[in-house]
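# Overview (structure and organization)
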Amino acid sequence: MTTAPTTKPRDAMRLRELVFGAACAAAVRATARLGVADALDDTPLSAEDLAAAVKTDARALRRLLRALTCYGVFSEEPDGRFAHTDMSRQLREDDPQSLRWIALWCTEPWTWAAWPRLDEAVRTGDSVFEDLFGKEFFPYLHEDAEESAHVFNRAMTTSSVQSARDVAELLDLTGAACVADIGGGQGHVLASLLEKHPGMRGTLLDLPGVVERADPRLRDGGALAARVDVVPGDCREAVPVEADVYIIKNILEWDDESTRRTLRNVISAARPGARVVVIENLVDDSPSMRFTTAMDLMLLLNVGGAKHTRASMESRMREAGLVVGEVRPVNAYLHAFESVVPG
């Protein structure tokens, strides 16, 4: 007679915790929307004092804070007052590493409608967004969800500003006369690189509506404007830019054909020997696997896209004709793929 394997109590409790993951995400969202982290400074406060500051029910706020302390977001003092932790400080608007807008973006109303359809997306391999909302993701966002679009823009700006510093610190562009940021959003990476290399020129290429909101440093009258060309365009259609170094950061998440077109467009525009640096999140070979794999599933749900493995990214780059070299971590969640346009 065989004995069925027994479930370890710790594993059973962990699974229970996982299926209540939505409660944790909702608690973080509620805290960000209420401004609890902003109301709490260096001195611990009681739930009653915090509730008065953010205009909530004190008993309900204590329950919310108690739930978050289990995850290291805030801590509870022996006398019952609540204090900041490193994580809770990142929900403050004024923290240099603030994740407030990113926390809000990842828990926007549309996400709660999409996540329950993940099984359908896995069966088909396609986005469920259009079926849910009657439009593809970005048209819906900008035409029907103005507040969510605002949150998206703030979150992307936050993420770009924070990672721009890491990219500028990692990349050595000594000897390069010009750098192009392809699909570079508002140009935070480009601005950081130009500040690091005072003799270098730069080009920002992105959709017209995006570059209209470019970093003030790059616009007319800005500190870097004299060294920058801002080019409106779609890199999936053409890259009308010649440079010594091309940066492609966090945009190769569409379908494979769009990714191939973008890389080929860069190669068509570039001189032989030009550097192409692709910067992406990876779903393997990364210390932030839980984060990047979750983003990967969200991309499947909302646009039908995907994050790359190291092998798949290198494969796409080689298929396009690039000579791939070193792959280096930028920070805990980004990797830089160095490559060269062949002669």
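If you're wondering where the values come from, they're calculated on a predicted model, not measured in any experiment.

Among the structural elements, Gln-186 can be located in the loop between strand E3 (178-182) and helix H13 (188-196). Residue class for Gln-186 comes out buried when judged on its relative accessible area of 17%. A polar side-chain atom of Gln-186 sits 3.1 Å from a polar atom in the side chain of Thr-157. Once residues within four sequence positions are removed from consideration, Gln-186 is found in contact with Thr-157, Leu-204, Val-210, Arg-213, Ala-214, Asp-215 and Leu-218.

This part covers unusual backbone geometry. Its identity as a non-glycine residue notwithstanding, Phe-74 has a phi of 75 degrees, on the positive side. With respect to the helices, strands and loops of the structure, Phe-74 is situated in the loop between helix H5 (58-69) and strand E1 (75-76). Judged by its relative accessible area of 1%, Phe-74 falls in the buried class. In the Ramachandran plot, Asn-250 falls in the positive-phi region, its phi being about 55 degrees despite a non-glycine side chain. With respect to the element layout, Asn-250 can be found in the loop between strand E6 (245-249) and helix H15 (256-269). Residue classification places Asn-250 among the partly exposed positions, given a relative accessible area of 23%.

The seven strands lie next to each other as E5-E4-E3-E6-E7-E9-E8, forming an open sheet whose pairing is mixed. Single-partner strands in this sheet number two, and they are strand E5 (228-232) and strand E8 (323-329). Strand-to-strand, the axes of this sheet are offset by a mean angle of 20 degrees, without reference to chain direction. As paired strands, strand E4 (residues 201-206) and E5 are joined by five bridges and run parallel to one another. Of the residues in E5, the one forming a bridge with Thr-203 is Asp-229.

Grouped together as the largest cluster of nonpolar side chains are 29 residues, with contacts concentrated most on Ile-182, Val-239, Tyr-246, Ile-248 and Val-278. Only E3, E6, H15, strand E7 (275-280), helix H17 (310-320) and E8 provide two or more residues apiece to this core. For this core, the leading source of residues is H15, giving four residues. Filtering out sequence-adjacent residues up to four positions away, Val-239 remains in contact with Ile-182, Leu-205, Tyr-246, Asn-265, Val-266 and Ala-269. Grouped together as the second largest cluster of nonpolar side chains are 26 residues, Leu-173, Ala-176, Val-245 and Val-277 included.

A few words now on the packing of aromatic side chains. Within the structure shown, the criterion is met by twelve aromatic pairs. Seen in terms of ring centroids, Phe-133 and Tyr-140 are 4.7 Å apart; in terms of plane orientation they differ by 35 degrees. Their pairing is tilted. Using a relative accessible area of 25% as the deciding quantity, one classes Phe-133 as partly exposed. Given a relative accessible area of 15%, Tyr-140 falls into the buried group. What links up through ring pairs into an aromatic cluster is the set Trp-105, Trp-110, Phe-129, Phe-133, Phe-137, Phe-138, Tyr-140 and Phe-152. Here Arg-100 stacks its cationic end above the ring of Trp-101, 5.1 Å away from the centre of that ring.

Let us now look at the side chain of Gln-162. With respect to the helices, strands and loops of the structure, Gln-162 is situated in helix H12 (residues 146-170). Classification of Gln-162 as buried rests on a relative accessible area of 10%. Not counting residues up to four positions away in its chain, the partners in contact with Gln-162 are Pro-96, Gln-97, Ser-98 and Leu-99.

Moving on to H13. Counting along an α-helix, one turn takes 3.6 residues, and residues three or four places apart therefore face a common direction. Among the nine residues of H13, seven are classified as buried, and the element is accordingly described as predominantly covered. Within the sequence span of H13, burial applies to His-188, Val-189, Leu-190, Ala-191, Ser-192, Leu-193 and Leu-194. Among the structural elements, H12, E3, E4, E5 and E6 are those in contact with the buried residues of H13.

The next point concerns the environment of His-188. Relative to the helices and strands, His-188 resides in helix H13. Classification of His-188 by relative accessible area gives buried; the value is 7%. Sequence separation of His-188 and Gly-222 is 34 residues, and the distance between their C-alpha atoms is 13 Å. Within the structure, the side chain of His-188 is placed 3.1 Å from the side chain of Asp-215, a separation counted as a polar contact.

Criteria and thresholds
Residues numbered from 1 in each chain as written. Predicted model: local features only at pLDDT ≥ 70, side-chain atom pairs only at ≥ 80, totals over all residues. Heavy atoms only, no water. Helix = DSSP H or I, 4+ residues; strand = E, 2+ residues; numbered from the N terminus. Buried < 20%, exposed > 50% of the residue type's maximum accessible area, 1.4 Å probe, protein only. Polar contact = N/O pair within 3.5 Å; in protein donor to acceptor, adjacent residues only side chain to side chain. Contact = heavy atoms within 4.5 Å. Pairing = 2+ DSSP bridges. Axes fitted to C-alpha atoms, helices over the stretch in contact; angles between N-to-C directions. Core = buried A, V, L, I, M, F, W, Y, C linked by side-chain atoms within 4.5 Å. Phe/Tyr/Trp six-rings, centres within 6.5 Å; stacked < 30°, edge-to-face > 60°. Lys NZ or Arg CZ within 6 Å of the ring centre and 35° of its normal.

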